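# Chain and residue survey
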Amino acid sequence: MKTESMTSSERLSTAMSHREPDRVPFLLPTVMQGAREFGLSIQDYFSRPDLVAEGQWRLRARYGHDALLGFMYGAVEAEAWGGEVIYREDGPPNAGQPPLSGSADIARLEPPRVRDTPCLQKVLRLIRLLKDRAGNEVPVFGSVISPFSLPVMQLGFENYLLLLHEQPERFEQLMRLNEAFCVEWANAQLEAGAGAIAYADPVSSPTIIPRALYLKTGFLIARRTLSKIKGAVATSFASGRCLAILDDVAQTGTVGIGASFLEDLAAVKAAARGRLTVMGNLNAIEMRHWTPAEAEIRVKEAIAKAGPGGGFVLTDNHGEIPWQVPDSVLLTIADAVRRWGRYPLDWI
Amino acid sequence: MESPLDQLESALLSLDRVTVNRVLSEASASTLPLTRIESLIVPALERIGVGWEEGSVSLSQVYMSGRLCEEAVDAILPPSDDTRKSMPPMAIAALEDYHLLGLRIVYSTLRASGFSLRNYGRTDMNQLVDHIKTDGIRILLLSALMLPAALRIKALRSRLQAEGCVPLIVVGGAPFRFDEELWKEVGADAFGNTASDAISAISRLAGVLP
């Protein structure tokens, strides 16, 4: 087999410049799976950034994907604001009891300071460890929850939808606090060594709110926030659709967009071509029972639809591979990318 | 001129509470509450559910529509009203899942469609089994967002069978939408892609209960 001629950093950088690198870059977001390397529970694993760094390193050695994840669990941001985190043995930690019992609490809310918040410092240590080891060869991705989507964990989804629709002043007040926090948190990760930030904004997806509301809320918030983040940002909608707002998202200052399994990847790529790098869109829920043949077919389909011309990173459609997905499936996906993702894609 | 159903759907999607109430009150003079629900509210929520499935309607619109209809239905058909649809004892719950919006949407949709059901909210396995036994639940709706929570339904089914208490189970939520075989794997009796699918699922299951 032909040897790969680029480092992961070069490969991603070329693809994100909308040119064809040596092969399609890919990322298997195996955030929790490193716990198995040490025989630890997910909770114990995430308490040790040194082990998470080592776990990330081993998983990259196994799959050969093109980035390291300076990320542990989304609920870490709820935890930073005083929320409860609930661990389980077979999946990611979830946000439990929200830190705000209702919208009235917003008036006396103060954002956490990154330097004073142990759970965030734990993530920064992970990023530093990964960056020290990877140097410039492999990028480390950081992650933030958008100011617009964080209230799902701060208030609970139902309370947040009511705030969004019925209490515009309190909503704006919360957004100002969240924006300040998000910018500080993203920039701290960049300073620690993250090469780019994933901006998780599921509430902005047309799956969750209509475009008209997005234009008045999540869009403006993203533009304000991203303009203050001192590095590259890619936007993810965590399985939500994006096509209806893709042109708008391209104006927020982001460089990439997560594509949902619910949408045709070719249509997303056509709409994003030359403007946004498309990331997606393998179905990680279904992946749990893929046969080797199915895994290869899914990889080929995605590469055929979005690979030509660069501007594409193959990954799952949510940003996290479930604990239940067998290692053998992930290895098959990785092999299929190396086999079918080599440029030029003359087999299409 | 738009039909009352078109007007209601449009008002629900734009969160226009005044028009929702006007359309329902104009229809009220000549029809019984349950007829109004079945001829206007149920089809409007079904259309909105189909729109969400197809991607033209967002989840916030589905949620707010269900809420507006629930308010309107509670006004014309109070929860204790004997004319609410007669069904076997039903309940809805989220098993070991901390994401409750899907549950709330289905609960609102069913109540807005004239059904009565218990809402157990977030529960663990032991609490849920106790509730089901105590309340004699015959149809159980389970909402899940997280894959591990969806997979726990299989253990619930086994536990209920071991205790000789086997309600029919309807499941819904993101993992089931992303893996169309999952509902069978966890031993459910039906799966709903949208909240309004739950109406047809429970109506069908009620017909096969002994």
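Residues numbered from 1 in each chain as written. Chains lettered and ligands numbered in written order. Predicted model: local features only at pLDDT ≥ 70, side-chain atom pairs only at ≥ 80, totals over all residues. Heavy atoms only, no water.

For the rest of this paragraph, the subject is the overall build of chain A. For chain A, the count of helices and strands is 15 helices and 9 strands. Whereas a compact globule of 348 residues would reach a radius of gyration of roughly 20 Å, chain A reaches 19 Å, a difference of no more than 12%. Along the three orthogonal principal directions, the C-alpha set of chain A runs to about 60 × 45 × 35 Å. Burial status across chain A gives 59% buried among its 348 residues. Contacts spanning at least 24 positions in sequence make up 73% of the contacts within chain A whose residues lie at least 6 apart. (Helix = DSSP H or I, 4+ residues; strand = E, 2+ residues; numbered from the N terminus. Rg over C-alpha atoms; globule rule 2.2 N^0.38 Å. Buried < 20%, exposed > 50% of the residue type's maximum accessible area, 1.4 Å probe, protein only. Contact = heavy atoms within 4.5 Å.)

Quick look at the overall build of chain B now. Tallying secondary structure elements over chain B gives 10 helices and 5 strands in all. Here the C-alpha radius of gyration of chain B, 17 Å, is about what a compact globule of 210 residues would show, namely 17 Å. Expressed along its principal axes, the backbone C-alpha trace of chain B runs to roughly 55 × 35 × 25 Å. Burial statistics for chain B: of 210 residues in total, 54% are counted as buried. Restricting to contacts in chain B with at least 6 residues of sequence separation, those with at least 24 account for 71%. Across chain B, the 20 positively charged side chains and the 26 negatively charged ones have centroids separated by 5 Å. (Lys, Arg positive; Asp, Glu negative; His and termini not counted. Charge placed at Lys NZ, Arg CZ, Asp CG, Glu CD.)

Moving on, we come to empty space enclosed by the protein. Tallied over the entire structure, the rule returns 2 cavities of 30 Å³ or more. Considered as a void within the structure, the largest cavity measures approximately 40 Å³ in volume. Lining the largest cavity, in full, are Leu45(B), Ile48(B), Gly49(B), Val62(B), Ser65(B), Gly66(B), Thr109(B), Ala195(B) and Ser196(B). Listed by contribution, the elements that provide at least two residues to the lining of the largest cavity are helix H3 (33-54) and helix H4 (59-76) of chain B. Of the residues assigned to the lining of the largest cavity, the class counts are 4 nonpolar, 5 polar and no charged. Split by domain, the lining of the largest cavity shows at least three residues from each of two domains, domain 1 (4-76) and domain 2 (90-208) of chain B. Estimated volume of the second largest cavity: approximately 30 Å³. Taken together, Tyr199(A), Asp201(A), Tyr214(A), Ala222(A), Thr235(A), Phe237(A), Val249(A) and Thr252(A) make up the full set of residues lining the second largest cavity. Looking at the lining of the second largest cavity, its residues break down into 5 nonpolar, 2 polar and 1 charged. (1 Å grid on protein atoms, 1.4 Å probe; cavity = no way out; pocket = protein on both sides within 12 Å on 5 of 7 lines; lining within 4 Å. Points joined across faces, edges and corners; volume = space filled by probe spheres on them. Nonpolar A, V, L, I, M, F, W, Y, C, P; charged D, E, K, R; others polar. Domains from an automatic or database assignment.)

For the rest of this paragraph, the subject is the pattern of salt bridges. Residues and elements named next belong to chain B. The final tally for this structure, using the stated rule, is 40 salt bridges over all chains. Between Glu9 and Arg47 there is a salt bridge, with its nearest N and O atoms 2.8 Å apart. With Glu9 in helix H1 (residues 4-13) and Arg47 in helix H3, this residue pair connects regions lying 38 residues apart in the sequence. Judged by its relative accessible area of 19%, Glu9 falls in the buried class. Its relative accessible area of 33% is what places Arg47 among the partly exposed residues. The closest approach of N and O atoms between Glu96 and Arg152, which form a salt bridge, is 2.9 Å. Pair noted here: Glu96 is in the loop between strand E1 (90-95) and helix H5 (101-112) and Arg152 is in helix H7 (residues 147-162), with a separation of 56 residues, a long-range link. (Salt bridge = Lys/Arg side-chain N within 4 Å of Asp/Glu carboxyl O.)

Residue and element names in this part refer to chain B. Along its sequence, chain B is organised into domain 1 (4-76) and domain 2 (90-208). Between domain 1 and domain 2, the C-alpha centre-to-centre distance is 24 Å. On the domain 2 side, the residues contacting the 17 residues of domain 1 number 15 residues. In total, about 1400 Å² of surface goes out of reach between domain 1 and domain 2, with carbon and sulfur atoms giving 62% of it. If you sort the residues of domain 1 by the area they bury against domain 2, Glu53, Tyr63 and Glu70 come out on top, with a joint share of 35%. The partner of Asp74 in a salt bridge is Arg111, and the shortest N-O contact between them spans 3.0 Å. Here domain 1 is connected to domain 2 by 5 residue pairs in polar contact (both at pLDDT 80 or more). With 9 residues, the single largest contributor to the side of domain 1 that touches domain 2 is H4. Considering only residue class, the side of domain 1 that touches domain 2 consists of 10 nonpolar, 2 polar and 5 charged. (Buried area = accessible area lost by both parts, 1.4 Å probe. Polar contact = N/O pair within 3.5 Å; in protein donor to acceptor, adjacent residues only side chain to side chain.)

The next thing to look at is the sheet that holds strand E8 (residues 277-282) of chain A. Residues and elements named next belong to chain A. Across the sheet, which stays open at both edges, the 7 strands sit in the order E1-E4-E5-E6-E7-E8-E9 with parallel pairing between neighbours. The sheet terminates laterally at strand E1 (68-69) and strand E9 (312-316), the two strands that pair on one side only. Bridge analysis of strand E5 (residues 196-200) against strand E6 (residues 232-236) gives 5 bridges, and the strand direction is parallel. Among the inter-strand pairings, Ala200 is bridged to a residue of E6, identified as Ser236. (Pairing = 2+ DSSP bridges.)

So, about the nonpolar core. Met287(A) and Ile333(A) are the most contacted members of the largest nonpolar core, which has 166 residues in total. With 11 residues, the single largest contributor to this core is helix H9 (residues 168-192) of chain A. Inspection of this core shows a minimum of three residues originating in each of domain 1 (4-76) and domain 2 (90-208) of chain B. Leave out the neighbours within four places in its chain, and Met287(A) touches Leu282(A), Ile321(A), Val325(A), Pro326(A), Val329(A), Leu330(A) and Ile333(A). Among the nonpolar cores identified, the runner-up in size contains 28 residues, and Leu128(B), Ala144(B), Ile153(B) and Leu182(B) belong to it. (Core = buried A, V, L, I, M, F, W, Y, C linked by side-chain atoms within 4.5 Å.)

Packed helices, taken two at a time, are described by their axes: the angle between them and the distance between them. Residue and element names in this part refer to chain B. The contact between H3 and H4 brings their axes to 10 Å, and the two run at 175 degrees. Taken together, the axes of H3 and H4 are roughly antiparallel relative to one another. Taking contact as the criterion, the partners of Pro33, Arg36, Ile37, Ile41, Leu45, Ile48 and Trp52 in H3 are, on H4, Leu59, Val62, Ser65, Gly66, Cys69, Val73 and Ile76. Grouping the constituent residues of the contact of H3 with H4 by class yields 11 nonpolar, 2 polar and 1 charged. (Axes fitted to C-alpha atoms, helices over the stretch in contact; angles between N-to-C directions. Parallel < 35°, antiparallel > 145°, perpendicular 65-115°, else oblique.)

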